[in-house]
Amino acid sequence: MTKEEVRALVISKLRLREDSRVLDIGSGTGSVTVEAALMARRGLVYAIDSDENAVELTRRNAIRFGVSDRVIVIHGEAPEALNQVPGEVDAAFVGGSGGRLRDIIVGVCGKLSVGGRLVIDAITLENASLALATMAELGFVNVEVTEVVIAKGLRTGVGTVMLSRNPIFIIAGEKNRCGRVSSVVSIKDAIKQR
């Protein structure tokens, strides 16, 4: 499950509207799916996961939080499962890739409308780097990288200590066009200059 604090940042970076059409790839428990559906009250959220248990859990959580009328859960592996999503979407979140991050980003680029937002969370430096490089090659603009380290308080006999969790990289950008992934572009060119 995407932790609450990270989920809040992901939803913020998606920049959802009431009528947004959203992809949640690697939906897991459906925590991002539910949050997105709560924001996009007149929209639609497509939740994709290759794990049957995750698909069922996402369905149950959509019902539990009263958003099942605007959530479509797809059991399948991305990027192939993207073929089950009709038309374009306004925003996409990749929370799990099963080792196919590059292929998923390419597939999502074909589904995003121009100006649509792609948000990816990554635990490893390698996946963060791969996401940045692939987004640069595809021509994404206004790409940002945020590293998040959350510490939670734990009460002990002598006071409260803060326990840090692993850092998470949140990569976000906007679709400009979908270029060929074979072109060579530096990661530096993808990162938004401030």
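Rules of the game
Residues numbered from 1 in each chain as written. Predicted model: local features only at pLDDT ≥ 70, side-chain atom pairs only at ≥ 80, totals over all residues. Heavy atoms only, no water. UniProt positions renumbered as here; feature names shortened; annotations may be inferred. Helix = DSSP H or I, 4+ residues; strand = E, 2+ residues; numbered from the N terminus. Contact = heavy atoms within 4.5 Å. Pairing = 2+ DSSP bridges. Right-handed = clockwise from strand over helix to strand, strands pointing away. Buried < 20%, exposed > 50% of the residue type's maximum accessible area, 1.4 Å probe, protein only. Polar contact = N/O pair within 3.5 Å; in protein donor to acceptor, adjacent residues only side chain to side chain. Axes fitted to C-alpha atoms, helices over the stretch in contact; angles between N-to-C directions. Parallel < 35°, antiparallel > 145°, perpendicular 65-115°, else oblique. Left-handed = near helix turned anticlockwise from the far one by under 90°. Nonpolar A, V, L, I, M, F, W, Y, C, P; charged D, E, K, R; others polar. Core = buried A, V, L, I, M, F, W, Y, C linked by side-chain atoms within 4.5 Å.

(A) Representation of the UniProt feature "binding site: S-adenosyl-L-methionine" (unreviewed entry) in the chain in the model. When the UniProt feature table is mapped onto this chain numbering, "binding site: S-adenosyl-L-methionine" (unreviewed entry) sits at Thr2, Gly26, Ser27, Gly28, Thr29, Gly30, Asp49 and Ala78. Tracing the chain through its elements places serine 27 in the loop between strand 1 (21-25) and helix 2 (31-39). Not counting residues within four places of it along the chain, the set of residues in contact with serine 27 comprises Thr33, Ala47, Ile48, Asp49 and Thr58.

(B) Inspection of the pairing of strand 3 (residues 71-75) at higher detail. Two strands pair when backbone bridges link them, and strand 2 (residues 44-49) and strand 3 are joined in this way by five bridges, in the parallel orientation. Across the sheet, residue aspartate 49 finds its bridge partner in strand 3, namely histidine 75. You can see the chain leave strand 2, run along helix 3 (residues 52-64) and come back into strand 3, and the turn it takes is right-handed.

(C) Region of interest: the side chain of glutamate 144. In this structure, glutamate 144 sits in strand 6 (residues 141-148). Glutamate 144 sits in the buried class, given a relative accessible area of 9%. Side chain to side chain, glutamate 144 and lysine 13 meet in a polar contact 3.2 Å long.

(D) Region of interest: the UniProt feature "domain: Methyltransferase" (unreviewed entry) in the chain. Sites flagged by UniProt as "domain: Methyltransferase" (unreviewed entry) map to residues 18-91. What you have in residues 18-91 is 30% helix and 26% strand, and the ends, taken at the C-alpha atoms, are 12 Å apart.

(E) Layout of the packing of helix 1 (residues 4-14) against helix 2. In the contact formed by helix 1 and helix 2, the axes pass within 10 Å of each other and the chain directions differ by 45°. The angle between helix 1 and helix 2 falls in the class oblique. Handedness of the crossing formed by helix 1 with helix 2: right-handed. Between helix 1, through Arg7, Val10 and Ile11, and helix 2, the contact on the second element is made entirely by Ser31, Val32, Glu35, Ala36 and Met39. Of the residues contributing to the contact of helix 1 with helix 2, the split by class is five nonpolar, one polar and two charged.

(F) Expanded view of the nonpolar core. Counting 31 residues, the largest nonpolar core has Leu23, Ile25, Val108, Leu118, Ile120 and Ile171 as the members making the most contacts within it. Of all elements in the fold, only strand 1, strand 2, strand 4 (89-94), helix 4 (101-111), strand 5 (112-122), helix 5 (125-138) and strand 9 (168-174) reach the threshold of two or more residues within this core. Setting aside residues no more than four positions away along its own chain, leucine 118 makes contact with Ala92, Val94, Ile105, Val108, Leu112, Met135, Phe140, Ile171, Ala172 and Gly173. Counting 25 residues, the second largest nonpolar core, distinct from the first, contains Val10, Val22, Val67 and Ile168.

(G) Inspection of the sheet that holds strand 5 at higher detail. Reading across from one edge, 3-2-1-4-5-9-6 is the order of the seven strands in this open sheet, with mixed pairing throughout. This sheet does not close on itself; its edge strands, each paired only once, are strand 3 and strand 6. The sheet shows a mean angle of 15° between the axes of neighbouring strands, taken without regard to direction. Of the strand pairs in this sheet, strand 4 and strand 5 are connected by five bridges, and their pairing is parallel. Counted as the bridge partner of alanine 92 is leucine 118 from strand 5. Strand contacts of helix 3: strand 2 and strand 3, with the helix running at about 170° to strand 3, the strand carrying the most contacts. Its contacts with the sheet place helix 4 against strand 1, strand 4 and strand 5, and it is angled at close to 155° to strand 5.

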